[in-house]
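Here are the chains, one letter per residue:
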2 protein chains.
Amino acid sequence: MISSTAQDRRHRRRQETIEEVLDVAVAIMAEHGVAGLSIGEIARRLGIRPPSLYVYFPSKHALYDALFERGARSVLAALSPLQEPPPDGLSLEEYLRRSGAAFIRWSVENPAYSQLLFWRPVPGFTPSPAAYAPATQLVERNQACIAALQRRGAVRSDVDAATVHRDWTILVSGVVSQQLANAPSESFEEGRFTRALDSLVAMFVRHYARPAAHGGTDRAHDR
Amino acid sequence: MISSTAQDRRHRRRQETIEEVLDVAVAIMAEHGVAGLSIGEIARRLGIRPPSLYVYFPSKHALYDALFERGARSVLAALSPLQEPPPDGLSLEEYLRRSGAAFIRWSVENPAYSQLLFWRPVPGFTPSPAAYAPATQLVERNQACIAALQRRGAVRSDVDAATVHRDWTILVSGVVSQQLANAPSESFEEGRFTRALDSLVAMFVRHYARPAAHGGTDRAHDR
DNA sequence: GTCTATATGACGATAGAC
DNA sequence: GTCTATCGTCATATAGAC
């Protein structure tokens, strides 16, 4: 049993070191770009020699894989407070505004992760299924929410939920892509593209929401 | 005069070599990603030694700069047939559909260039003003077209043309970003995101077009 | 188990012979 | 203009001290 606690301590210490390595790696990616990450630079900042890093990660690709999984878990956590079954009285507009804002905020505040996750800028690197799993979960959750809103009558019934979801991901990824490529230093609040979200949600809802029953706020294109 | 023609020939020969180098570089970027470009690989494919390339480009960044300018000129050329002042009877919807399709098609058919131009995946590289000029011209042209359509009465007058242009670039870059990141091997015609263009144009026009005068096809949100 | 020391080969880049 | 030789740095890998 003593050996067990010793193992635990060793294991915990190892995990702490791994987290430290990943933290430094994220900082370097944020400064020099995702492809600008180098083993030597990580070791330099940690005050160790490059070969020591191979104790924790068998290769640079394995390091990228851990970063990918960490990033996917992070964005999943950033979106978890408002996901799964959207609260009952929540309108499509409110759901899109909240989930869109949360995702876009995370993306511009974690540019290194979002580039690694959504742009694939590392030549030979493909994430492992394990690292990819949280990312898949994110997409599925979002798609399930839109489908639920459609069953609830908040979304036009003459279009596939998958199509609505696809178009929504295009809008959101367009905002992120434009903001990060053209003005990466602007904050979420003051970003010239992030501020377009409300306008885009209005446009999207106008096109895809089921028109309200109590009058004619909108009537083209449905049915 | 003889020396002049000799110089011309030398100069032409040099330009041909430069174009050859750039062609090979684009092919490598398409295979291994923009950051996967290497001087050694270019030399290998051209059957020369790496140092010989420094006769034509003083550094790898200068090579990227030439590639950036070449890409910007290429996309500008791909869009030039339908630009500047949009033809008189052309509706907003038709203009967006055509210019959007042309840009998206170029982007998915030239993924290496579009990543270099719009994603900035090379750590220390920033394009020179000369290389950047054609890209600026592209944006200005598009913005001018939207402003012209607004003056002509095809676009709502209660919003800034710059806002309309910003939202349009978000849609288009969203399509490109999603298509290249998730399914880069799909063609423009069969792409699961490129095919969303018509639907997105419809959504966009519904929100931003000035409603037709002859009836009530649409009436919400337009002053 | 974790580190230092050291080796290999590829890279971007420069100097200088031809 | 093209080459050889060379430099410093990188990712990667192995050997061996503690």
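So, here's what we can say about the structure.

Moving on to the pattern of salt bridges. All names here are of chain B. Throughout the structure, instances matching the rule amount to 30 salt bridges over all chains. Residue E189 is joined to R105 by a salt bridge in which the shortest nitrogen-to-oxygen separation is 2.5 Å. Taken together, the residues span a long stretch of sequence, with E189 in the loop between α7 (161-182) and α8 (197-208) and R105 in helix α4 (residues 92-109) at a distance of 84 residues. Judged by its relative accessible area of 49%, E189 is partly exposed. Residue classification places R105 among the partly exposed positions, given a relative accessible area of 30%. D167 is the partner of R166 in a salt bridge, and the nearest nitrogen-oxygen pair spans 3.0 Å. Residue R166 is classed as buried on the basis of its relative accessible area of 18%.

With that settled, consider helix α3 (residues 60-79) of chain B. Residue and element names in this part refer to chain B. For α3, which comprises 20 residues, the first-to-last C-alpha distance of 29 Å matches the rise-based estimate of 28 Å (1.5 Å per residue) to within 8%. Burial in α3 covers these residues: L63, Y64, D65, L67, F68, G71, A72, V75, L76 and L79. Sitting at the amino-terminal end of α3 is S59, which places a side-chain oxygen 3.3 Å from the backbone nitrogen of H61.

Before going further, it helps to spend a moment on the interface of chain B and chain A. The partner chain A presents 39 residues to the 39 residues of chain B that form the contact. Carbon and sulfur atoms supply 56% of the area that chain B and chain A bury against each other, a total of about 3200 Å² over both sides. Three residues, I170, M203 and R206 of chain B, lead the burial of chain B against chain A; their summed loss comes to 23% of the area buried on that side. Summed over the shared surface of chain B and chain A, the number is 0 salt bridges. Viewed at the interface, chain A and chain B are joined by 11 residue pairs in polar contact (both at pLDDT 80 or more). Of all elements in the fold, only α7 and α8 of chain B reach the threshold of two or more residues within the side of chain B that touches chain A. The element contributing the most residues to the side of chain B that touches chain A is α7 of chain B, with 11 residues. Partitioned by chemical class, the residues of the side of chain B that touches chain A number 17 nonpolar, 12 polar and 10 charged.

For the rest of this paragraph, the subject is the nonpolar core. One finds L67 of chain A together with L67 of chain B to be the most contacted residues of the largest nonpolar core, which totals 136 residues. Ignoring anything within four residues of it in the chain, the contact list for L67 of chain B reads L22, A25, V26, M29, L37, Y113 and L116 of chain B.

This part covers unusual backbone geometry. Residues and elements named next belong to chain B. For R120, which is not a glycine, the phi torsion comes out positive at approximately 50°. Mapped onto the elements, R120 comes out in the loop between α5 (111-118) and α6 (129-151). R120 gets classed as partly exposed once you look at its relative accessible area, which sits at 29%.

All right, on to the protein's contact with DNA strand D then. Around DNA strand D, the structure places 16 residues, and the nearest of them are S38, I39 and K60 of chain A together with S52 and Y56 of chain B. Those atoms of DNA strand D that come within 4 Å of the protein belong to sugar or phosphate at a rate of 71%. Y54 of chain A is positioned with one of its side-chain polar atoms (N or O) 3.2 Å from a phosphate oxygen of DNA strand D. No other element matches the 3 residues that helix α2 (residues 39-46) of chain A contributes to the surface near DNA strand D. Residues that form the surface near DNA strand D fall into these classes: 9 nonpolar, 3 polar and 4 charged.

Rules and cut-offs
- Residues numbered from 1 in each chain as written.
- Chains lettered and ligands numbered in written order.
- Predicted model: local features only at pLDDT ≥ 70, side-chain atom pairs only at ≥ 80, totals over all residues.
- Heavy atoms only, no water.
- Salt bridge = Lys/Arg side-chain N within 4 Å of Asp/Glu carboxyl O.
- Helix = DSSP H or I, 4+ residues; strand = E, 2+ residues; numbered from the N terminus.
- Buried < 20%, exposed > 50% of the residue type's maximum accessible area, 1.4 Å probe, protein only.
- Expected span 1.5 Å × (residues − 1).
- Polar contact = N/O pair within 3.5 Å; in protein donor to acceptor, adjacent residues only side chain to side chain.
- Contact = heavy atoms within 4.5 Å.
- Buried area = accessible area lost by both parts, 1.4 Å probe.
- Nonpolar A, V, L, I, M, F, W, Y, C, P; charged D, E, K, R; others polar.
- Core = buried A, V, L, I, M, F, W, Y, C linked by side-chain atoms within 4.5 Å.
- Near = heavy atom within 4 Å.

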